[in-house]
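Geometric and topological summary
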Amino acid sequence: MCADGSLVTNEHSDLIAELPFSFARLHRNQAQAGYCVVILKGHATELHELDHTRLAGFWYDVAAVGRAVTEIFQPVCRRRSKTEQFRR
């Protein structure tokens, strides 16, 4: 996945944005409209390996993608009741 992050297209997704700290990819298999992934530029196995600047920048990118997906796809969210949240 890391190596494919910057490609314009691959067999699963298309590049929709290059952000300061990441790449955003829109998946072709859209079980949920707007399903995408945000891939960190550069490799890290765990988020705790990132320095403060890269960690904050990555999460800023994630928030920006979420905002754009919400504006474009206008997902319908249904809040679960407290009973539903804890039901197993």
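Here we summarise the structure given alongside this text. (Residues numbered from 1 in each chain as written. Predicted model: local features only at pLDDT ≥ 70, side-chain atom pairs only at ≥ 80, totals over all residues. Heavy atoms only, no water.)

1. Some thoughts on the pattern of salt bridges
Enumeration according to the criterion identifies 2 salt bridges in this entry. Asp14 is the salt-bridge partner of Arg28, the closest N and O atoms lying 2.9 Å from each other. Taken together, the residues Arg28 in the loop between strand S2 (22–27) and strand S3 (36–40) and Asp14 in strand S1 (residues 13–18) connect sequence positions 14 residues apart. Residue classification places Arg28 among the partly exposed positions, given a relative accessible area of 42%. Here Glu18 makes a salt bridge to Lys41, at a shortest N to O gap of 2.9 Å. With a gap of 23 residues between them, Glu18 in strand S1 and Lys41 in the loop between S3 and helix H1 (52–73) connect regions that are remote in the sequence. (Salt bridge = Lys/Arg side-chain N within 4 Å of Asp/Glu carboxyl O. Helix = DSSP H or I, 4+ residues; strand = E, 2+ residues; numbered from the N terminus. Buried < 20%, exposed > 50% of the residue type's maximum accessible area, 1.4 Å probe, protein only.)

2. Re the sheet that holds S3
Strand order in the open sheet formed by 3 strands is S1-S2-S3, with antiparallel pairing between adjacent strands. The sheet is open, and its two borders are formed by S1 and S3, each paired with just one other strand. Along the sheet, successive strands turn relative to each other by an average axial angle of 30°, direction set aside. Taken together, the 5 bridges between S1 and S2 define a ladder with antiparallel strand orientation. Its bridge partner being in S2, Asp14 is matched across the sheet by Leu26. Here H1 sits on the sheet in contact with S2 and S3, set at roughly 160° to S3. (Pairing = 2+ DSSP bridges. Axes fitted to C-alpha atoms, helices over the stretch in contact; angles between N-to-C directions. Contact = heavy atoms within 4.5 Å.)

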